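Structural features, examined
Here is how the chains run, residue by residue.
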Amino acid sequence: MMSEEAFGNLLYDIKRALEAWADQHRTAAEIIIEDDPSYWRIHAFPSEAALCPVELVLRPDRNYDLVIDNASLEDQPIERFDLLTELFDAIAAGKPVVRTFASQATQQLLGTRTIVALSDGSEWRVDQLTLLGEKLGLEGAIVTERRFASYDVRQQS
């Protein structure tokens, strides 16, 4: 296990990197950073619906909570500090894709899949199934995709 000092140093570095990310993208989103003894939070509220919102909470218990568009993960262990900056860069680059799955017969929602392509070719992914989706699965579902614009598009206008 990583020492408290080493972990604290890496946590400090990730906070500074995300603050720099925030400074770079303030014209595309309202970005709020909160630094409290019990958490550190960055939340980007894009100025346009075509841009993807993101929120990250870093906690002293070595876990984080993350929301990308409507996909959320809670109580995730901080294992790869670089993953967090990669995700923020990919979001700003317009790489998130949200797939919505609906039943062919009734058009009822089966679930959503949020995917963010990362620079190394891997992807961050969250599947959120409804009870019906868990029962029926996603095979043969009607799929719609939502893609996002780059934050840079907003900065140039």
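In this report, we go over the structure that sits alongside the text. Predicted model only: the values in this text are computed from it and were never measured. (Residues numbered from 1 in each chain as written. Predicted model: local features only at pLDDT ≥ 70, side-chain atom pairs only at ≥ 80, totals over all residues. Heavy atoms only, no water.)

**A word on the overall build of the protein**
Within the protein, the regular secondary structure consists of 4 helices and 9 strands. The N-to-C order of helical and strand elements in the protein reads α-β-β-β-β-β-α-β-β-β-α-β-α. Seen through its principal axes, the protein has C-alpha atoms that stretch 55 × 45 × 30 Å. Expressed as a percentage of its 157 residues, the buried residues of the protein come to 40%. Of the contacts formed within the protein by residues at least 6 apart in sequence, a portion of 45% connects residues at least 24 apart. Carbon and sulfur atoms form 50% of the exposed surface of the protein, whose accessible area is close to 8,700 Å². (Helix = DSSP H or I, 4+ residues; strand = E, 2+ residues; numbered from the N terminus. Buried < 20%, exposed > 50% of the residue type's maximum accessible area, 1.4 Å probe, protein only. Contact = heavy atoms within 4.5 Å. Areas by Shrake-Rupley, 256 points an atom, 1.4 Å probe, with all protein chains shown as cover.)

**What about the nonpolar core?**
One finds W21, I42, L56, L58, I68 and Y151 to be the most contacted residues of the largest nonpolar core, which totals 37 residues. Sorting the residues of this core by element identifies α1 (4–25), β1 (29–36), β2 (39–46), β3 (54–58), β4 (63–68), α2 (81–92) and β8 (123–129) as the ones contributing at least two each. (Core = buried A, V, L, I, M, F, W, Y, C linked by side-chain atoms within 4.5 Å.)

**Looking at α1**
Across its 22 residues, α1 extends 31 Å between first and last C-alpha, which sits within 8% of the 32 Å expected from 1.5 Å per residue. Among all positions in α1, only F7, L11, I14, K15, L18, W21, A22 and H25 are buried. Here the buried residues of α1 occupy an arc of 120° about the axis, which is enough to place them on one side. Summarising the geometry of α1, the exposed residues directed more than 90 degrees from the buried face are E5, D23 and Q24. (Expected span 1.5 Å × (residues − 1). Arc of directions from axis to C-beta.)

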